[in-house]
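# Fold and geometry: a report
Spelled out, the chains give:
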Amino acid sequence: MIETLALVGATGAVGQIVRDLLERRNFPLQRIKFLASARSAGKQITFRGESHPVETLCPEAFEGVDLAIGSTPDDVAEQFAPWAVERGAVVVDESGFWRMHDHVPLVVPEINPEAARNHQGIISSPNCSTTQMVVAMKPLHDAARIRRVVVSTYQATSGAGVAGEQDLELGSRAALAGEPYDYQAFAHPIAFNLIPQIGSHKQAGYTSEEMKMVWETQKIFGDPSIRVCPTCVRVPVTNCHSESIMVETDRKVSVAEATQLFRDFPGITVIDDLANGEYPMPLSSNENDDVFIGRIREDLSSDHGLTFWCVSDNLRKGAATNAVQIAELLCRQTT
Ligand SMILES: NC(=O)c1ccc[n+]([C@@H]2O[C@H](COP(=O)([O-])OP(=O)(O)OC[C@H]3O[C@@H](n4cnc5c(N)ncnc54)[C@H](OP(=O)(O)O)[C@@H]3O)[C@@H](O)[C@H]2O)c1
């Protein structure tokens, strides 16, 4: 049982869902506090039937806090996590800031739960596009060792937070009305468009979002020899990221074997009936914790390649669900 849990970034796209999951999963906590920027101070949030004021994030806010779940921008996470750890709290952080630090475990509970034991106060949850891909990779990797991945993402606007969600809706309305719209979260119009850049230029023509998929995958599997070639694209979909994934394994994995491996893995749902038009899509995956897989087929261009389509709610398994699962794991590991 956690005595006091602080939800940092409680007013954001991810934070709102963390709150909902803590309630619905009956997370074992006695007291909760909601933290955000000064812009939100005083707003009321209802949790388990009681109204709580949002408090401004500051070092003293972590006095008496045992566990903090953070869903804030990177620079805010850089600042607040040490405040919390210095006061004895464990931080489960969803931002990108701490993920690649050596002393910070990067955890997906279905894949590397044991890594959480080695934390020194901070545990990171991966990037949303990484999480659904590594969950899909895990059963294939265990069975036949994945050596290479080629992935293209189709990422929803909610991946850019509340501002991203609003940009799609208001930008679409403005475009249909023939009016101008000043996009807040995107450098180009997202209504009726695709943007083949997520994040900033990082290296060798790859963006920061793409390099996250490379480095985080290698860290989670503890295998820097896995080669990942990503292309990340923002699409005009409100929620749920989709990915076209091709993996090359040490030995050939048939479609039938892969389908069974996916079906047997916790947290994966297979929907794969092309003849009847059944496959995962963003609208049908919305507000669901699972990673959905379909269009499973042999790669026609390599001997040991398998390709498939993967959809997951980026605000759920890609963020809030994974963080709450890490928090639940911590509770189990300490009892
Ligand atoms: N969206 C996704 O699909 C997704 C998936 C995985 C990981 N993540 C990561 O999760 C984090 C949150 O993402 P989001 O999509 O929820 O963003 P968001 O909707 O923009 O929410 C950001 C939250 O951080 C708070 N915040 C911003 N600046 C702050 C400050 N200076 N001090 C205190 N609180 C501050 C905001 O509070 P106010 O409302 O008061 O401004 C809000 O609660 C990001 O690091 C993101 O990369 C997001």
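This is a predicted model, so every value here is computed, not measured. (Residues numbered from 1 in each chain as written. Predicted model: local features only at pLDDT ≥ 70, side-chain atom pairs only at ≥ 80, totals over all residues. Heavy atoms only, no water.)

## Re the layout of surface pockets
The following threshold applies: The definitions used throughout rest on a 1 Å grid laid over the protein atoms alone, on which a cavity is an enclosed set of points accommodating a 1.4 Å probe that cannot get out and a pocket is an open set flanked by protein within 12 Å on both sides along at least five of seven lines; lining residues are those having an atom within 4 Å of a point. Grid points are joined across faces, edges and corners, and a volume is the space filled by probe spheres set on the points. By the criteria applied, helices consist of DSSP H or I runs no shorter than four residues and strands consist of E runs no shorter than two, each listed in order from the N terminus. Only Asp, Glu, Lys and Arg are considered charged, only Ala, Val, Leu, Ile, Met, Phe, Trp, Tyr, Cys and Pro nonpolar, and every remaining residue, Gly among them, polar. Where each domain begins and ends follows an automated or database-derived domain assignment.
By volume, the largest pocket amounts to about 1300 Å³. Looking at the largest pocket, it is lined by 49 residues, and the ones nearest its centre are Thr-72, Pro-73, Gly-159, Ala-160 and Gly-161. At the level of secondary structure, the elements contributing two or more residues to the lining of the largest pocket comprise helix H1 (13–24), helix H2 (74–86), helix H4 (161–177), helix H5 (208–221) and helix H8 (316–334). Residue composition of the lining of the largest pocket, by class: 18 nonpolar, 23 polar and eight charged. Here the lining of the largest pocket gathers at least three residues from each of two domains, domain 1 (2–126 + 319–334) and domain 2 (130–314). Lining of the second largest pocket is provided by Asp-74, Gly-96, Phe-97, Arg-99, Met-100, His-101, Lys-202, Ser-208, Met-211, Lys-212, Trp-215 and Glu-216. Looking at the lining of the second largest pocket, the element that brings in the most residues is H5, giving five residues. Here the lining of the second largest pocket is composed, by residue class, of four nonpolar, three polar and five charged. For the lining of the second largest pocket, the two domains that each supply at least three residues are domain 1 (2–126 + 319–334) and domain 2 (130–314).

## Structural notes on the pairing of strand S15 (residues 305–312)
So the rule is basically this: When accessible area is computed with a 1.4 Å probe and restricted to protein chains, residues below 20% of their type maximum are described as buried, those above 50% as exposed, and intermediate ones as partly exposed. Note on pairing: two strands pair once DSSP finds at least 2 bridges between them.
Summarising burial for S15: seven of the eight residues are buried, a large majority. By the bridge criterion, eight bridges tie strand S12 (residues 241–249) to S15 in an arrangement that is antiparallel. Among the inter-strand pairings, Glu-243 is bridged to a residue of S15, identified as Cys-310. When strand S14 (residues 291–298) meets S15, the two strands line up antiparallel, connected through six bridges. Counted as the bridge partner of Gly-294 is Trp-309 from S15. Where S14 folds back on S15, the antiparallel hairpin that results is connected by six residues.

## Remarks on unusual backbone geometry
A positive phi is found at Cys-240, a non-glycine position, where the angle reads about 90°. You will see that Glu-287, though not glycine, has its phi angle at about 60°, which is positive. By the secondary structure assignment, Glu-287 is in the loop between helix H7 (282–285) and S14.

## Structural notes on the packing of aromatic side chains
What counts here: Note on aromatic contacts: the rings of Phe and Tyr and the six-membered ring of Trp form a pair at centre separations within 6.5 Å, being stacked when their planes are under 30 degrees apart, edge-to-face when over 60 apart, and tilted otherwise.
Using the criterion set out here, one finds six aromatic pairs in the structure. Relative to Phe-47, the ring of Phe-34 has its centre 6.1 Å away and its plane inclined at 65°; by these criteria the two rings are edge-to-face. You can see Phe-34 sitting in strand S2 (residues 29–36) and its partner Phe-47 sitting in strand S3 (residues 44–47), a full 13 residues away along the chain. The class of Phe-47 is buried, set by a relative accessible area of 3%. Centre to centre, the rings of Phe-262 and Phe-308 are 5.1 Å apart; their planes meet at 65°, and the pair counts as edge-to-face. With Phe-262 in helix H6 (residues 255–264) and Phe-308 in strand S15, the pair connects residues that are 46 residues apart, well separated along the chain. A single burial state applies to Phe-262 and to Phe-308, both of which are buried.

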